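The residues making up each chain are set out below.
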Amino acid sequence: MKRTLIALSAMLAAGAALAEFPEKPVTIVVPFAAGGPTDKVARDLGEVLRKGLNNQTVLIENVGGAGGTLGAAKVAKANPDGYTLLLHHIGMATAPALYRNLPYKVLDDFEYLGMVNDVPMTLIGRPSLPANNYAELAKWLEANKGKVNLANAGLGAASHLCGLLFQQSVKIDMTTVPYKGTAPAMTDILGGQVDIMCDQTTNTSGQIAAGKVKAYAVTTMKPLSTPALAKLPTLDSQGLKGFNVSIWHALYAPKGTPKAIVDQVNAALRNALKDPEFIKRQEALGAEVVTDNRVNPADHKKFVEAEIAKWGPAIKAAGQYAD
Ligand code: ASP
């Protein structure tokens, strides 16, 4: 009898603790610099996610560097109590092919919480670049072989993947300049310190609309409907047949986070993805919120597995590695 009572009160205590989650702010680690595309998604998402998290504040912690792997490693090792989450993108699926000694296992060290958005990319250049459209850029790249600088957010970043595929497509090697995120890279594009960059529309659409950078193409097969980007042709239609890169963001927690918390964050995410303001804001930046089954943790994980299989061979063929 006494033992049953003790077991019962332990169960009630555990239930009570979960029912109260979260009782303090929740931190989302963004593995890139503040003010960049992933950071913007996290901050917008945090505002709506909190409605499903007892209205607690959602804090954003920027842990940039090494193409997103430093931030992901930090979350993989964090306390699995639901208070530390990770918002990461396609780099989650490309890092295993790029890093010989990745300090975490993408498929084993995280709880998958659901996917957030799909984001196309754009090819942009410094304002002083003498090329005003893609045909002129292609000529300029040919004429400047060996001297072209390409900005990215490190090995494993979306800008790295897109830039890598672009170099392969045009058969021109460029000097890559890595940053902790494309926010600082954009500062250098604007300042003319680097030549070109392939970056997410969430970071470039404002600069393109304001005419502050040269815009050459979108990286999807179809043009985009977002007003700021609607006039931008695809790379596919301008000679790079089949060029198609679109990236995605998703939420994770450290492996071992209690199922009840995983379910609660997933429910908060589902509600956030239906929030009209969040949807509108994402669309204005060229991104699309996920409305399909990838919002389910199991389908999210399956999608990441498929992305690892999709991009791994192309990355390995390019022969770029880090330790
Ligand atoms: N997501 C990165 C950032 O937020 C950029 C990238 O992956 O290219 O800066």
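Just so it is clear, the structure is predicted and the values come from calculations on it, not from any experiment.

## Some points on the overall build of the protein chain
For step 1, the next point in the chain: Per the secondary structure count, the protein chain includes 11 helices and 10 strands.
For step 2, the next point in the chain: Taking 20 Å as the expected radius of gyration for a compact globule of 323 residues, we find that the protein chain reaches 21 Å, a close match to that expectation.
For step 3, the next point in the chain: Seen along its three principal axes, the alpha-carbon backbone of the protein chain occupies a region of about 85 × 40 × 30 Å.
For step 4, the next point in the chain: Counting only contacts in the protein chain whose residues sit at least 6 apart along the sequence, the fraction spanning at least 24 positions is 79%.
For step 5, the next point in the chain: In the form shown here, the protein chain has an accessible surface area of approximately 13,800 Å², with 55% of it arising from carbon and sulfur atoms.
For step 6, the next point in the chain: The average position of the 33 basic charges and that of the 28 acidic charges among the side chains of the protein chain differ by 2 Å.

## Things to note about empty space enclosed by the protein
For step 1, the next point in the chain: Taken as a whole and judged by the stated rule, the model has 1 cavity of 30 Å³ or more.
For step 2, the next point in the chain: Empty space within the largest cavity amounts to approximately 70 Å³.
For step 3, the next point in the chain: Looking at the lining of the largest cavity, the elements that each hand over two or more residues are helix H2 (37–49), helix H6 (158–170) and strand S7 (196–200).
For step 4, the next point in the chain: Looking at the lining of the largest cavity, its residues break down into 6 nonpolar, 7 polar and 1 charged.

## Overview of helix H11 (residues 297–318)
For step 1, the next point in the chain: For H11, with 22 residues, the first-to-last C-alpha span of 31 Å sits near the 32 Å given by 1.5 Å per residue.
For step 2, the next point in the chain: Considering bend angle alone, the principal kink of H11 is centred on Trp 311 and spans about 30°; proline Pro 313 follows within four residues of it.
For step 3, the next point in the chain: Of all the positions in H11, only Asp 299, His 300, Val 304, Glu 307, Trp 311, Gly 312 and Ile 315 are classed as buried.
For step 4, the next point in the chain: As for H11, its buried residues are in contact with helix H4 (91–98), strand S4 (110–125), H6 and strand S9 (246–254).

## Examining the packing of aromatic side chains
For step 1, the next point in the chain: Applying the stated rule across the entire model yields 6 aromatic pairs.
For step 2, the next point in the chain: Ring geometry for Phe 110 and Tyr 252: centres 5.9 Å apart, planes at 65°, overall edge-to-face. Of this pair, Phe 110 sits in strand S4 while Tyr 252 is found in strand S9, placing the two residues 142 residues apart along the sequence.
For step 3, the next point in the chain: Judged by centre distance (5.5 Å) and plane angle (80°), the rings of Trp 248 and Phe 303 are edge-to-face.

## Structural notes on the layout of surface pockets
In this approach the atoms are scanned with a rolling probe the size of a water molecule, which exposes any empty space left behind.
For step 1, the next point in the chain: Roughly 340 Å³ of internal volume is contained in the largest pocket.
For step 2, the next point in the chain: As for the largest pocket, its lining consists of 20 residues, of which Pro 120, Leu 224, Gly 286, Ala 287 and Glu 288 are closest to the centre.
For step 3, the next point in the chain: Residue assignment for the lining of the largest pocket shows that the elements contributing at least two residues are S4 and strand S10 (288–289).
For step 4, the next point in the chain: Tallying contributions element by element places S4 first for the lining of the largest pocket, with 3 residues.

## As for the packing of H2 against helix H10 (residues 276–284)
For step 1, the next point in the chain: Contact pair H2 / H10: the axes reach a minimum separation of 10 Å and the direction vectors enclose 170°. With respect to their mutual orientation, H2 and H10 come out roughly antiparallel. Along the contact surface, H2 presents Val 41, Asp 44, Leu 45 and Val 48, while H10 presents Phe 278, Arg 281 and Gln 282.
For step 2, the next point in the chain: The residue inventory of the contact of H2 with H10, partitioned by class, reads 4 nonpolar, 1 polar and 2 charged.

## A few points about the pairing of strand S2 (residues 58–62)
For step 1, the next point in the chain: One ladder, built from 5 bridges, connects strand S1 (residues 26–30) with S2; its direction is parallel. Bridge pairing in S2 links Ile 28 to Ile 60.
For step 2, the next point in the chain: Assessed by its sense of winding, the connection that carries the chain from S1 through H2 to S2 is right-handed.

## Re the state of the cysteines
For step 1, the next point in the chain: Applying the stated criterion across every chain, the model contains 1 disulfide.
For step 2, the next point in the chain: Linked covalently through their sulfurs, Cys 162 and Cys 198 form a disulfide whose S-S length is 1.9 Å. One end of the pair, Cys 162, is in helix H6; the other, Cys 198, is in strand S7, with 36 residues separating them in the sequence.
For step 3, the next point in the chain: A relative accessible area of 2% places Cys 198 in the buried class.

## Describing the side chain of Asp 199
For step 1, the next point in the chain: Within the secondary structure, Asp 199 is located in strand S7.
For step 2, the next point in the chain: Buried within the structure, Asp 199 lacks any salt-bridge partner; Lys 40 is the closest side chain of opposite charge, at an N-O distance of 7.3 Å.
For step 3, the next point in the chain: Within the structure, the side chain of Asp 199 is placed 3.1 Å from the side chain of Thr 182, a separation counted as a polar contact.

## So, the site of the ligand
For step 1, the next point in the chain: The full set of residues close to the ligand is Phe 32, Gly 36, Pro 37, Thr 38, His 89, Ala 153, Ala 157, Ala 158, Ser 159, Gly 181, Thr 182 and Gln 200.
For step 2, the next point in the chain: Look at the ligand: alone it shows 260 Å² of surface, and the protein chains cover 100% of it.
For step 3, the next point in the chain: In a pocket analysis with a 2 Å cut-off to the grid points, the ligand is assigned to the largest cavity.
For step 4, the next point in the chain: Those elements giving two or more residues to the shell around the ligand turn out to be H2 and H6.
For step 5, the next point in the chain: Taken together, the residues that form the shell around the ligand break down as 5 nonpolar, 7 polar and no charged.

Each value, and the rule that gives it
Residues numbered from 1 in each chain as written. Predicted model: local features only at pLDDT ≥ 70, side-chain atom pairs only at ≥ 80, totals over all residues. Heavy atoms only, no water. Helix = DSSP H or I, 4+ residues; strand = E, 2+ residues; numbered from the N terminus. Rg over C-alpha atoms; globule rule 2.2 N^0.38 Å. Contact = heavy atoms within 4.5 Å. Areas by Shrake-Rupley, 256 points an atom, 1.4 Å probe, with all protein chains shown as cover. Lys, Arg positive; Asp, Glu negative; His and termini not counted. Charge placed at Lys NZ, Arg CZ, Asp CG, Glu CD. 1 Å grid on protein atoms, 1.4 Å probe; cavity = no way out; pocket = protein on both sides within 12 Å on 5 of 7 lines; lining within 4 Å. Points joined across faces, edges and corners; volume = space filled by probe spheres on them. Nonpolar A, V, L, I, M, F, W, Y, C, P; charged D, E, K, R; others polar. Expected span 1.5 Å × (residues − 1). Bend = angle between axes of the 7 residues up to and from the residue. Buried < 20%, exposed > 50% of the residue type's maximum accessible area, 1.4 Å probe, protein only. Phe/Tyr/Trp six-rings, centres within 6.5 Å; stacked < 30°, edge-to-face > 60°. Axes fitted to C-alpha atoms, helices over the stretch in contact; angles between N-to-C directions. Parallel < 35°, antiparallel > 145°, perpendicular 65-115°, else oblique. Pairing = 2+ DSSP bridges. Right-handed = clockwise from strand over helix to strand, strands pointing away. Disulfide = S-S within 2.5 Å. Salt bridge = Lys/Arg side-chain N within 4 Å of Asp/Glu carboxyl O. Polar contact = N/O pair within 3.5 Å; in protein donor to acceptor, adjacent residues only side chain to side chain. Near = heavy atom within 4 Å. Sits in = over half its atoms within 2 Å of the grid points.

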